[in-house]
Amino acid sequence: MTSDPAPHPSRLRALLPDLAPWRTSVDFRRLWVSGTISNFGSFLTLVALPVQLKQLTGSAAAVGAIGAVELLPLLVFGLYGGALADALDKRKLIVWTEAGQGLLSAALLLNALLPHPAAWPLYLVAALSSALGAVQRPALDSLFPRIVAHEHLPAAASLNSLRWTVGGVAGPAVAGVVVAYAGLGWAYGADALTFVASVVLIVRIAASPAAHEAAKPPLRAIAEGARYAWARKELLGTYAVDLAAMFLAMPLAVLPFLADELDANWSLGLMYAALPLGSLLVSLTSGWTSRVHRHGRMVVLAAALWGLAITGAGVVGNVWLVLLFLTVAGGCDMVSGIFRGAMWNQTIPDELRGRLAGIELLSYSVGPTVGQVRSGGSAAWWGVRASVWSGGLLCAGAVGLLALCLPKLMTYDVRTNEHAARLRARRAAAVPART
């Protein structure tokens, strides 16, 4: 009897992330490390802030209202931030907004240290943080296509996802322990320190001034970006699918109450970590994504499976099965994110990248933001678990309907898409980017 042969090393390497962007661009490495550090801190606050609101109010609706106060700044500054990213130096925008986020974390720390902390500063900081994030994210997203070769952009999307998930797994897991045993102030203080480290790294990145073709910040520049997006139905499809998935099936606001209902308060940090853990597992085995060409179909399939996994998390009554379903959901979300990012970065011209990144920001941020209000409100009316499983079912149905209505998304192929081919030709003819 012979044992099965060991997997060939080349097959194992094919599953591992493609490190080409890391090897070829020093600026990509700096941004990656900076993002990993600040994301870790941000996830500490992601857990600490709803826990503190729960302690102060005892209301699922009050926790869900965080999404309501974040929504208007996100809508206003997301679009305007995209125009700023096309018109100003991207590095400067990233540095100043990162520093601002650090100051907001310091404000949360000061409030937590008061003898009687107030709830209203939590909402104010959430709104201001939403505004700063909305200005920063288009600049950050539009910077990567400048510092990474065109053929390496799918790999960069996977590595960026890995960066997010490292913080997403470690941050909530550590936050659960820190909040329970050391206090909220320690979580907020650690978050503030991570922003200091992040800024030190970002200031060393090369300047990234506006492209000479870029429009200036007025409203007409935003309108130009919106017209371009509307003309690209496959891009609209990615926005619509992600918006539906996050709005209908994002359970973050009710996780503290779900842990209570399952009599497993110890599991709250693990619940917050489960989604990014699934994303991390996909990122670590993302080598296969570079060999997939029909990105639109993968976006739809992954979003539908996300909804079904969230449904499972709401139906089961065992905390370990809940964690398993949340992990699967996180993996599906990462698959969708990788292929959405590849479609965006490989088809949108540089002079419009910031404004389109602003629209992208709305598509993947408005959904979770409003989704917090939906999940918190429905939990208050119908119960926590019903809020979770009903949102998952609605998500799967909505994604299926969108797939039927968006044929260009389903037929998208990066090898033949005219916009991808045009951008490949432009990048090939340009002077190689600084590495």
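In what follows, the structure referred to is the one given above.
Presented here is a report on the structure given in the accompanying data block. (Residues numbered from 1 in each chain as written. Predicted model: local features only at pLDDT ≥ 70, side-chain atom pairs only at ≥ 80, totals over all residues. Heavy atoms only, no water.)

1. Section: the overall build of the protein
Keep this limit in mind: Put simply, DSSP H or I for four residues or longer makes a helix, DSSP E for two residues or longer makes a strand, and each gets a number counted from the N terminus. Throughout, the radius of gyration refers to the C-alpha atoms, and the reference size of a globule is 2.2 Å times the residue count to the power 0.38. Burial status follows relative accessibility: with a 1.4 Å probe on protein chains alone, a residue under 20% of its type maximum counts as buried, one over 50% as exposed, and anything between as partly exposed. Only heavy atoms enter the contact rule, under which two residues are in contact if any of them lie within 4.5 Å.
Scanning the protein from N- to C-terminus turns up 18 helices and 0 strands. Whereas a compact globule of 435 residues would reach a radius of gyration of roughly 22 Å, the protein reaches 21 Å, a difference of no more than 12%. For the protein, the spread of C-alpha atoms along the principal axes amounts to about 60 × 60 × 45 Å. Of all 435 residues assigned to the protein, the portion counted as buried reaches 57%. Residue pairs in contact within the protein that sit at least 24 positions apart in sequence constitute 87% of those at least 6 positions apart.

2. Considering the environment of Arg30
For Arg30, the location among the structural elements is in helix H3 (residues 26-57). The spatial distance from the C-alpha of Arg30 to the C-alpha of Ser198 is 9.2 Å, given a sequence separation of 168 residues. The contact partners of Arg30, leaving out residues within four places of it in the chain, are Leu201, Arg204 and Ile205.

3. What about the packing of aromatic side chains?
The description of an aromatic ring pair uses the distance of the two centres, along with the angle that the planes make with each other. To keep it simple, the criterion reads: The aromatic pairing rule takes the rings of Phe, Tyr and Trp, using the six-membered ring of Trp, and pairs them if the centres are within 6.5 Å, calling planes under 30 degrees apart stacked, those over 60 edge-to-face and the rest tilted.
Counted under the stated rule, the structure contains 5 aromatic pairs. For the ring pair Tyr239 and Trp344, a centre distance of 5.8 Å and an interplane angle of 45 degrees mean the geometry is tilted. Of this pair, Tyr239 sits in helix H10 (residues 233-249) while Trp344 sits in helix H14 (residues 319-347); the two residues are 105 residues apart in sequence, bridging distant segments of the chain. The pair Tyr239 / Trp344 is uniform in exposure class, with both members buried.

4. A word on the environment of Gly337
Mapped onto the elements of the fold, Gly337 is located in helix H14. Of the residues examined, Gly337 reaches a relative accessible area of 22% and is grouped as partly exposed. In sequence terms Gly337 and Ala83 are 254 residues apart; their C-alpha atoms lie 23 Å from each other.

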